[in-house]
Amino acid sequence: MGAKAHILAMVTVTIAFAVGGNAAFAQNQKTSDPLQTFLQGYVTQAGLPGGVVGIAYQDGTSRFAAAGLSNVAPTRKMRGTERFYIGSLTKMMTAVVILQLASEQRLKLSDHPARWLPPEYAQSIVNAKQATLVDLLHNSSGIPDYLDGDFFFELVGREPQHGWRNAELLPLMADRDAVFSPGSEYGNSNSNYILLGYIIEQVEQAAIEDVFQKRIFAPLEMDATSFGSFPRDRELARGYDDGDGDGNLEDVTGFDVGDHLADGGVVSTARDMLAFLRGLFVDGSLLGPNAIKRMTTDTMFAGNGSYGYGVMVGESDWGPVWGHDGNYFGYSAEISWFPRQQTAIVFLTNGRPLNDVPPFTQQILPAIFGNPLQ
């Protein structure tokens, strides 16, 4: 996040942004939207089927663009209203619910996950009795990632529409060695957020999708957001990935790799994800200021930046940036909040880049914050 952006050489439009004023993109072509042109250039260079970008500004206005295809065969153009799997952006939402439950004194962040686990998994999941919920939020529990190795994906291959639940993944964490001692370092493990999701379901005595609907989606009027489900709805952009390693993207929309899982199962739109960022960081609809401060300042060093409570905390050439990136089989996503500029950026795509390119948000930042593309 901290590296200075290198702008796509192929994009020659001029984009301008006025901080604190009406958001506007100055066009150097009367017939072209420069944001859409920029997005199309990125999608082409990355080798992606398509994508949608949304930008929300300090004055409350927002802007969207779509490029490429939401369906390759039969061909359907990408629309700004398309739904995408957001992958690990879901973790921000899981962290929000944990903090809400803590504020309601229904759990403590100092609790050990073993408190909420069935006895057999309280014993067999390493560090479950030593790590705290903060360690899970920080990705510093030392509990191994259930995605390590091929076992989970072998299960998906056998039952591509299974509908995996958080509780079903506990056996994939059991009887394995610790990666490190709890709280000693950062180590990304999706198991942390599966455990947090399981704990949420135990505290609320409700399925994760019902909890998120009540606590996040409904209050913020995120009407196009839900967990994944079968059959896939028509508003979902088809997802493409190189599943067989042949260097080509294949339609993998029919594979459930976490439709109901707290580490990555949410489906949303660019508009709804901007609403999430504003509801979280501007309007105070989800968390109070003390919780936000703790979420973004109680961090673990994570290499290029730090990791708070379900949020990546970094520095850019334009000041602090909070957000997350995410992958789901056939989809990838970026979400960023710039507190100094009160500006949000969301990028959602129905593929993973075939070519080595910097993140979309990193590419477009100079255009948004005052360094027009030349």
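Conventions used here
- Residues numbered from 1 in each chain as written.
- Predicted model: local features only at pLDDT ≥ 70, side-chain atom pairs only at ≥ 80, totals over all residues.
- Heavy atoms only, no water.
- Phe/Tyr/Trp six-rings, centres within 6.5 Å; stacked < 30°, edge-to-face > 60°.
- Buried < 20%, exposed > 50% of the residue type's maximum accessible area, 1.4 Å probe, protein only.
- Helix = DSSP H or I, 4+ residues; strand = E, 2+ residues; numbered from the N terminus.
- Lys NZ or Arg CZ within 6 Å of the ring centre and 35° of its normal.
- Core = buried A, V, L, I, M, F, W, Y, C linked by side-chain atoms within 4.5 Å.
- Contact = heavy atoms within 4.5 Å.
- Axes fitted to C-alpha atoms, helices over the stretch in contact; angles between N-to-C directions.
- Left-handed = near helix turned anticlockwise from the far one by under 90°.
- Nonpolar A, V, L, I, M, F, W, Y, C, P; charged D, E, K, R; others polar.

Enquirer: I'd like a rundown of the packing of aromatic side chains, residues and numbers included.
Expert: All chains considered together, the criterion is met by 18 aromatic pairs. Where Tyr146 meets Phe152, the ring centres are 5.4 Å apart and the plane angle is 90°; that geometry is what we call edge-to-face. Taken individually, Tyr146 and Phe152 each receive the classification buried, so the pair is uniform in this respect. Aromatic side chains Tyr186 and Tyr307 sit 5.6 Å apart centroid to centroid with 45° between the ring planes, which places their arrangement in the tilted category. Taken as a pair, Tyr186 in the loop between α6 (170–173) and α7 (190–204) and Tyr307 in strand β10 (residues 306–307) lie far apart in primary sequence, 121 residues in all. Here Tyr307 falls in the buried class, since its relative accessible area comes to 2%. Ring-pair connections join several aromatic residues into one group, and the members of that group are Phe38, Tyr42, Phe347 and Phe360. Arg232 extends its terminal NZ or CZ atom over the ring of Phe230, reaching a point 3.8 Å from the ring centre.

Enquirer: Describe the nonpolar core, naming the residues involved and giving the relevant values.
Expert: One finds Met93, Leu107, Ile125, Ile216, Phe276, Leu280 and Met295 to be the most contacted residues of the largest nonpolar core, which totals 90 residues. The leading source of residues in this core is helix α2 (residues 90–103), at nine residues. Apart from the residues within four sequence positions on either side, Leu107 is in contact with Ile98, Leu101, Ala102, Trp116, Leu133, Ile199 and Val203. Grouped together as the second largest cluster of nonpolar side chains are 24 residues, Val321, Leu365, Ile368 and Phe369 included.

Enquirer: Lay out the packing of α2 against helix α9 (residues 270–281) with the relevant residues and their values.
Expert: At a minimum axis distance of 12 Å, the contact between α2 and α9 shows a crossing angle of 35°. Considering only the axes of α2 and α9, their crossing is left-handed. Residues Met92, Met93 and Val96 of α2 pack against Met273, Phe276, Leu277, Leu280 and Phe281 of α9. Here the contact of α2 with α9 is built from residues that sort into eight nonpolar, no polar and no charged.

The values are spatial; any link to function lies outside them.
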